Every structure is written in C-alpha cells, then in structure tokens.
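Close look at the chain arrangement
So you can see what is in the structure, the chains are spelled out below.
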Amino acid sequence: MEPFGIALLGCGTVGTGVAKMLLEHPDRLTARAGRKLELRRIVVDDAKKPRPSGIPSSLFTTNLRAVIDDPAVQVVVEVVGGIDWAKQAVLDLLAAGKHIVTANKALLATHGGEIFDAGRRHGQAIAFEASVGGGIPIIGALCQGLAANQILSLQGILNGTCNYILTCMTENGCSYADMLADAQRKGYAEADPTMDVDGTDSAHKLAILVQIAFGVALPLSAIQRRGIAGIDLLDIRFAKELGYTIKLLAEAWLEPAACGLAPHAKPQSAKCDQLAMHVSPVMLRQNAPLALVRDAYNALFVVGDAVGSTLYYGRGAGQMPTASAVVADLIDMAVGRAQQTFRSLKLWSGNHRNIVVRDPSTMRSRFYLRMMVEDRPGVMADITRILANHQISIASVIQHEALEHADGESEIVPLIIMTHTVPTGSFRAALDEIDRLVSVRPPSVYYPVGD
Ligand code: NDP
Ligand code: HSE
C-alpha cells in the first residue's frame with residue numbers, strides 16, 4: 001500500500017513530539033496503520049530558529065503552499081495554536097483536499113461550526129483527540145465507547161497548567177508566579193498562559209466535550225468561567241484546615257428544570273433538558289478522586305445513563321502525551337476510521353438537541369467565603385444578619401485570634417464561613433452587601449464547595 005503522506009503545521013512542544021514519534025517508531029506505526037506514515041513537510045514560522053536534532057532540516061519550510069500543492073500529503077496536523085492564522089490554514093487545506101488532525105481547542109471551540117462544515121463540503125475529515133485531556137483518549141471514549149449512552153454529566157480537571165500550579169501551592173506552599181513560570185518552561189502552558197489561568201482553556205475544552213456529549217454548539221460566553229489567576233496561598237491553607245483541596249474544575253450536567261442540585265457529580269435523569277455548566281475553582285474533600293489528581297495530570301468523570309460513572313485519567317499536557325493523541329488520530333486517518341467517525345457523528349452540524357442553558361444564578365452549591373474583616377465587636381453580627389436575610393445558613397466558621405495591635409487599632413483578620421447549599425444568585429447578592437460593610441476589606445474570596 002502506498003505511504004500515507006503527512007505534513008505538520010508547527011514544530012513547537014507538540015509538533016516536535018509528533019515528528020519524533022513518526023521518525024523514531026516507523027515499524028510500530030506502520031504495523032498499526034497498515035501503511036507507512038510518511039512525514040513529508042513541517043511548516044514553521046521562523047526559518048532561522050534552531051530545530052531539534054533528529055528531524056531532517058530538509059523537511060522544514062515557512063511556505064504553507066508547499067503543503068497545499070503536494071498531492072502526496074493526505075493529512076495535515078495543525079499544532080500551531082492561536083486562531084486566525086490556524087483557521088485560514090485549515091480552511092485552505094480542507095479546500096485543497098487534505099484531512100486535518102488538530103490539537104487546537106481554541107480554534108474548535110470558537111469556529112468548530114465553520115471548520116466542520118468546510119470539512120463536510122470538501123469531503124475531508126477532522127480529528128481532534130489531542131484537543132481535550134492531552135494524552136487521555138476522552139474524545140474517542142465519548143464518540144465511540146460511550147456512543148450508546150445519553151451522557152448525564154461531565155466533571156473534570158482539564159487544564160494541566162492550573163493543576164500543576166495548584167498541586168505545588170497545596171503540597172509545598174510554592175508561589176503562584178514561580179509555578180506558572182515552571183509550567184511554561186515544561187511546555188504545559190499555552191503561548192498566552194492567561195488562557196490557562198483565567199479558565200478560558202478549560203472552557204474551550206468543555207465546549208468541545210459538550211458538543212459531543214450533549215449535541216449543543218455554544219458560544220464561549222455561555223460557559224461561566226473563573227480561573228485560578230491570583231489564587232492566594234491563604235485560601236489554599238484554609239481549605240486544607242477544613243479538609244479540602246482547591247481544584248480548577250470544568251463541569252456540565254443535565255438536570256430537570258425544577259431541581260438544580262449541586263454541580264458536583266449529581267446527575268439527575270435522562271429526560272432532563274437543561275444544561276448547567278461552569279469552569280471554576282472548587283473545594284473538593286481531600287479524599288475525593290479528583291482531589292487526588294496531581295501535577296499536570298487531568299481526569300474526567302463521565303456519567304452515562306446506561307454505563308453509570310466512568311473515570312478517565314492521564315497526562316493532560318506536555319510533549320509526548322499530546323503527541324500520543326495526535327499520532328493515534330493519524331493512525332485512525334490512515335486506516336479510514338476517523339473518516340467514518342467524522343461522517344457519522346455530524347458534529348457542529350447545526351442538527352442540535354433543543355437544550356436550554358441553565359441560568360448560572362439558579363445553580364445551587366455550598367460556598368467557602370473568606371472575608372478580611374476588622375477584629376472588633378459587631379462585625380460577625382453584621383455579616384450573619386446579611387446571610388440570614390438571604391436565607392443562607394452557616395455550616396462552620398473559622399477566625400483565628402489576632403495578635404494585639406500596639407496602638408490599639410483593630411487588626412484586619414481573615415474570617416472564613418462555610419455555607420450550606422444555597423442558590424448562587426442569593427450567595428452573590430449577599431456577598432455584594434457584605435463587601436459594602438465598612439468593617440470588611442473587599443473583595444472577599446469565595447469558592448463553590450463540591451461534596
Ligand atoms: P508552541 O508555541 O510550542 O509551537 C507553535 C508552533 O507553531 C511553532 O513551531 C511555531 O513556529 C509555529 N507557528 C506559529 N505561528 C505560525 C505561523 N503563522 N506559521 C507557521 N508556523 C507557525 O505550541 P504548542 O506545541 O504548545 O501547542 C500547539 C497547539 O497544541 C496549540 O493549539 C495548543 O493549544 C495545543 N495543545 C498543546 C498542548 C501542550 O501541552 N503544549 C497539549 C494539548 C494541546 P516557530 O517554531 O517557527 O516559532
Ligand atoms: N495549556 C494546556 C494545559 C495544554 O495546560 O492543559 C493542554 O491542552
């Protein structure tokens with residue numbers, strides 16, 4: 001059988017891993033694909049940049065046309081990242097009759113509809129296993145292994161950079177800035193790491209999963225998101241004292257209009273028609289399975305109506321785990337499986353279920369609340385009165401003794417309140433009032449509690 005011709009767009013962290021795999025394991029890959037996977041071109045931006053040894057320099061070009069015009073290139077791997085250039089390149093390549101493998105979740109989450117339409121129009125397939133969960137085969141699990149189910153909920157850690165930062169802050173008291181720089185050095189972070197730490201990357205991945213699991217194409221703005229940027233070691237320590245760990249979670253779950261109970265792995269019934277979603281730091285009990293996911297690992301709970309609860313775990317970022325997912329897609333393309341899946345699934349086709357996105361203010365949760373307050377009489381009473389006015393019941397309170405100030409002025413101390421389950425909207429309204437008290441130094445910090 002003739003070789004399967006491949007071109008790479010991008011030879012950074014992921015592209016280098018893909019090139020290495022293709023060049024270092026030809027026999028293994030030929031056996032799995034039934035034909036030779038032949039790397040013919042690598043398109044990069046900077047012709048002068050030194051490239052990893054072991055990748056022939058003759059493969060590199062800065063000219064996309066060299067790929068478009070090469071009839072022997074059948075599939076192109078887009079691992080450039082970003083949106084504008086990547087989108088135009090993918091559309092041009094589809095029009096030129098090339099299949100696409102991409103790891104670019106930002107591109108799919110924002111332009112999935114246009115790109116998949118172009119794929120269908122030109123009779124080409126798009127595979128994207130590496131776009132969510134790094135090396136974890138979660139796209140394959142949802143598209144194939146769980147195909148018989150109505151998915152009821154998704155709950156996971158989908159950003160390796162954030163999990164890496166949080167792990168070291170929690171276990172060793174490392175600084176946020178140091179760990180972010182370390183994640184960048186290790187190749188986990190996006191070119192613009194703001195996307196990682198503000199929750200956007202997790203939201204991109206959640207949007208892709210929601211498209212497959214629930215058949216809904218959502219604008220990113222439909223996913224309420226908070227990240228871990230600026231997370232304070234103080235909250236990580238208080239979480240620990242209370243028996244919790246803070247993790248950045250992406251969650252989506254179906255529920256009946258009337259119930260709205262906790263986001264945290266509480267699927268309701270297959271007949272539900274409301275979709276609740278968010279990306280947020282969540283306090284998880286220290287022994288909860290997702291609380292035990294460390295470093296750049298990702299994990300995802302998927303609950304299906306027939307299968308029940310399933311869990312997927314593995315390295316969510318980094319060179320070789322991501323290359324593993326990309327090369328698996330290439331093998332599927334060479335065999336023809338990816339083309340069949342692409343045709344039959346009709347993702348981003350506009351043929352969606354009629355699911356309503358749930359108003360985030362109606363979602364119910366317990367909350368952790370840290371206020372910086374003056375240590376003087378009446379402060380606690382003011383705060384508890386506001387909470388009571390909003391029907392918010394307190395589960396526990398922590399305030400450690402302050403050291404006496406020499407000049408007799410009130411000390412500012414952290415006051416921690418854990419609430420019982422309340423609607424998010426009531427909690428936020430109470431918080432706005434609390435932050436207007438003269439005895440409180442805003443903004444107070446809050447996280448949903450998942451248990
Ligand atoms: P890098 O920044 O390491 O590499 C980007 C590559 O794209 C570089 O080789 C760069 O060229 C090339 N490039 C950028 N712009 C252009 C352009 N205009 N024309 C041609 N080439 C261009 O990115 P990563 O490898 O980390 O990520 C790539 C994609 O994979 C992103 O979409 C990312 O979200 C996704 N991803 C990344 C993971 C990770 O762990 N890093 C995991 C899962 C997905 P040059 O080398 O000349 O600068
Ligand atoms: N920046 C991403 C992360 C890469 O840290 O998870 C994997 O998608």
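What counts, and where the lines are drawn
- Residues numbered from 1 in each chain as written.
- Chains lettered and ligands numbered in written order.
- Predicted model: local features only at pLDDT ≥ 70, side-chain atom pairs only at ≥ 80, totals over all residues.
- Heavy atoms only, no water.
- Helix = DSSP H or I, 4+ residues; strand = E, 2+ residues; numbered from the N terminus.
- Rg over C-alpha atoms; globule rule 2.2 N^0.38 Å.
- Contact = heavy atoms within 4.5 Å.
- Areas by Shrake-Rupley, 256 points an atom, 1.4 Å probe, with all protein chains shown as cover.
- Near = heavy atom within 4 Å.
- 1 Å grid on protein atoms, 1.4 Å probe; cavity = no way out; pocket = protein on both sides within 12 Å on 5 of 7 lines; lining within 4 Å.
- Sits in = over half its atoms within 2 Å of the grid points.
- Buried < 20%, exposed > 50% of the residue type's maximum accessible area, 1.4 Å probe, protein only.
- Points joined across faces, edges and corners; volume = space filled by probe spheres on them.
- Domains from an automatic or database assignment.
- Nonpolar A, V, L, I, M, F, W, Y, C, P; charged D, E, K, R; others polar.
- Polar contact = N/O pair within 3.5 Å; in protein donor to acceptor, adjacent residues only side chain to side chain.
- Core = buried A, V, L, I, M, F, W, Y, C linked by side-chain atoms within 4.5 Å.
- Buried area = accessible area lost by both parts, 1.4 Å probe.
- Salt bridge = Lys/Arg side-chain N within 4 Å of Asp/Glu carboxyl O.
- pLDDT = per-residue confidence, 0-100.

What to know about the overall build of the protein chain
Across its full length, the protein chain holds 15 helices and 18 strands. For 451 residues, the compact-globule formula gives about 22 Å, and the C-alpha radius of gyration of the protein chain, at 24 Å, lands near that figure. Considering only contacts within the protein chain whose residues lie at least 6 apart along the sequence, 77% involve residues at least 24 apart. Surface summary for the protein chain: the accessible area is close to 18800 Å², and the carbon and sulfur share equals 50%.

Brief notes about the site of ligand 1
Close to ligand 1 lie 24 residues; Asp46, Lys49, Arg51, Glu190 and Gly318 are nearest. The pocket occupied by ligand 1, as judged from atoms lying within 2 Å of grid points, is the largest pocket.

So, the environment of glutamine 274
Counting through the fold element by element, glutamine 274 comes out in strand 10 (residues 274-285). With a relative accessible area of 17%, glutamine 274 lands in the buried category. The spatial distance from the C-alpha of glutamine 274 to the C-alpha of alanine 47 is 50 Å, given a sequence separation of 227 residues.

So, the layout of surface pockets
Roughly 1100 Å³ of internal volume is contained in the largest pocket. Shared between two domains, the lining of the largest pocket holds at least three residues of each, these being domain 1 (4-131) and domain 2 (138-316 + 350-360).

Focus: empty space enclosed by the protein
Scanning all chains against the criterion turns up 1 cavity of 30 Å³ or more. When its volume is computed, the largest cavity comes out at roughly 40 Å³. Considering the residues around the largest cavity, the lining is formed by Val132, Gly133, Ile136, Ile138, Ile157, Leu158, Asn298, Ala299, Leu300 and Tyr312. The element best represented in the lining of the largest cavity is strand 11 (residues 297-304), accounting for 3 residues. Classifying every residue of the lining of the largest cavity gives 8 nonpolar, 2 polar and no charged.

Focus on the site of ligand 2
Around ligand 2, a shell composed of 13 residues is seen, among which Lys105, Thr161, Tyr188, Glu190 and Asp196 lie nearest. At 2.7 Å from a nitrogen atom of ligand 2 is found a main-chain nitrogen or oxygen belonging to tyrosine 188. Notes on ligand 2: free accessible area 260 Å², of which the protein chains cover 93%. Of all the secondary-structure elements, those providing two or more residues to the shell around ligand 2 are helix 7 (160-172) and helix 10 (200-214). Class assignment of the residues belonging to the shell around ligand 2 gives a composition of 4 nonpolar, 4 polar and 5 charged.

Regarding the nonpolar core
Membership of the largest hydrophobic core comes to 127 residues, with the highest contact counts inside it found for Leu37, Ile42, Ile138, Leu142, Leu154, Phe214 and Leu330. It is helix 10 that contributes the most residues to this core, 9 residues altogether. Setting aside chain neighbours within four positions, we find leucine 37 in contact with Phe4, Ile6, Leu22, Leu29, Leu330, Ile331 and Ala334. The next biggest cluster of nonpolar side chains, apart from the first, holds 20 residues, and it includes Phe367, Ile392, Val413 and Leu415.

Considerations on the domain arrangement of the protein chain
If you check the domain split of the protein chain, you get domain 1 (4-131), domain 2 (138-316 + 350-360) and domain 3 (363-449). Its C-alpha centre places domain 2 at a distance of 27 Å from the equivalent point of domain 3. Each partner contributes residues to the interface: domain 2 has 27 residues there, and domain 3 has 20 residues. Each partner contributes to the roughly 1900 Å² buried at the junction of domain 2 and domain 3, and carbon and sulfur atoms together form 63% of this total. When the buried surface of domain 2 facing domain 3 is broken down by residue, Arg226, Phe238 and Met283 rank first, second and third, together holding 28% of it. One can count 2 salt bridges joining domain 2 with domain 3. A salt bridge links arginine 370 to aspartate 235; the nearest nitrogen and oxygen atoms lie 2.5 Å apart. Inspection of the domain 2/domain 3 interface yields 7 residue pairs in polar contact (both at pLDDT 80 or more). Elements represented by at least two residues in the side of domain 2 that touches domain 3 include exactly helix 11 (233-241), strand 9 (244-255) and strand 10. With 7 residues, strand 10 is the largest single contributor of residues to the side of domain 2 that touches domain 3.

Let's talk about the confidence of the model for the protein chain
Looking at the protein chain, pLDDT values average 94 and 94% of them are 70 or higher. The low-confidence segment residues 258-270, where pLDDT is below 50, has 37 contacts with residues more than four positions distant or belonging to other chains.

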